Amino acid sequence: MRRVQGSVLALALRPVKSKEVIVQDTLELSPQAGVIGDHGTSRRRQVSLLDEASWNAACIEVDAELNWTTRRSNVLVSGLDLQILVGSQIRLGSALVEVMGEVVPCHVMDAAKEGLKHALKPDWRGGVYGRVIESGQVHVGDKITVHSSQ
């Protein structure tokens, strides 16, 4: 049974590793390339999702107002418990994505703000990653639905 779980608040591309992310209104996803135009090439980690409430909690912990793009995720979402979606397929815009696992925060987060890496560790605040099953587009404002789960 499909049901709305959340919505897409913002989208971003990472065209070059460790360089500025570019906020977009639309992302194109494909099983071959993941997020088209993104530098990532992993077959499993093709798209990353970040929950707005989790990001805000991490920012409060480090006492800083940081833009969500600091996390370097592709999709900012609201209304989702990302942790319980691992193993599920979600409809992200017109694309179908399998949520694979937790995005583990790295040293780049502390380079942005001291303590951010640690603040992102509890409750999967760093988000989740997935692989694209069916090509499609995702737009700001799209609803996210659970397509199937384990």
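Procedures and definitions
Residues numbered from 1 in each chain as written. Predicted model: local features only at pLDDT ≥ 70, side-chain atom pairs only at ≥ 80, totals over all residues. Heavy atoms only, no water. Helix = DSSP H or I, 4+ residues; strand = E, 2+ residues; numbered from the N terminus. Buried < 20%, exposed > 50% of the residue type's maximum accessible area, 1.4 Å probe, protein only. Contact = heavy atoms within 4.5 Å. pLDDT = per-residue confidence, 0-100. Core = buried A, V, L, I, M, F, W, Y, C linked by side-chain atoms within 4.5 Å. Arc of directions from axis to C-beta. Polar contact = N/O pair within 3.5 Å; in protein donor to acceptor, adjacent residues only side chain to side chain.

Here Gly40 lies in the loop between β4 (34–35) and β5 (47–51). Given the relative accessible area of 25%, Gly40 is considered partly exposed. In sequence terms Gly40 and Ser94 are 54 residues apart; their C-alpha atoms lie 21 Å from each other. In this structure Gly40 touches Arg14 and Ala33, once residues within four positions along its chain are discounted.

Let's shift gears to the confidence of the model for the protein. Looking at the protein, the pLDDT average stands at 91 and 95% of residues meet or exceed 70. Per-element confidence in the protein ranges from a low mean pLDDT of 86 for strand β11 (residues 143–148) to a high of 98 for strand β10 (residues 136–139).

Formed by 23 residues in total, the largest nonpolar core has its most connected members in Leu27, Leu29, Val75 and Leu92. Elements represented by at least two residues in this core include exactly β1 (3–13), β3 (26–30), β5, β6 (75–78), β7 (89–92), β8 (95–102), β9 (128–134) and β11. Discounting chain neighbours no more than four positions away, the residues touching Val75 are Val8, Ala10, Leu11, Leu27, Val47, Ser48, Leu49, Leu50, Trp68 and Leu92. Of all hydrophobic cores here, the second largest spans 15 residues; its members include Ala10, Ala12, Cys59 and Ala64.

What follows concerns the side chain of Gln5. The topology assignment puts Gln5 in strand β1. Gln5 sits in the buried class, given a relative accessible area of 16%. Leave out the neighbours within four places in its chain, and Gln5 touches Ser78, Gly79, Leu80, Ile144, Thr145 and Val146.

Of all the residues in helix α1 (residues 52–61), the buried ones are Ser54, Trp55, Ala58 and Cys59. Buried residues of α1 fall within an arc of 140° about the axis and therefore sit on the same side. Among the exposed residues of α1, those oriented more than 90 degrees off its buried face are Ala53 and Ile60. Buried residues in α1 make contact with β5 and α3 (116–119). Between a side-chain oxygen at the N-terminus of α1 and the backbone nitrogen of Ala53 the separation is 3.3 Å; the capping residue is Asp51. One or two positions beyond α1, positive phi appears at Asp63, with a value near 55°.

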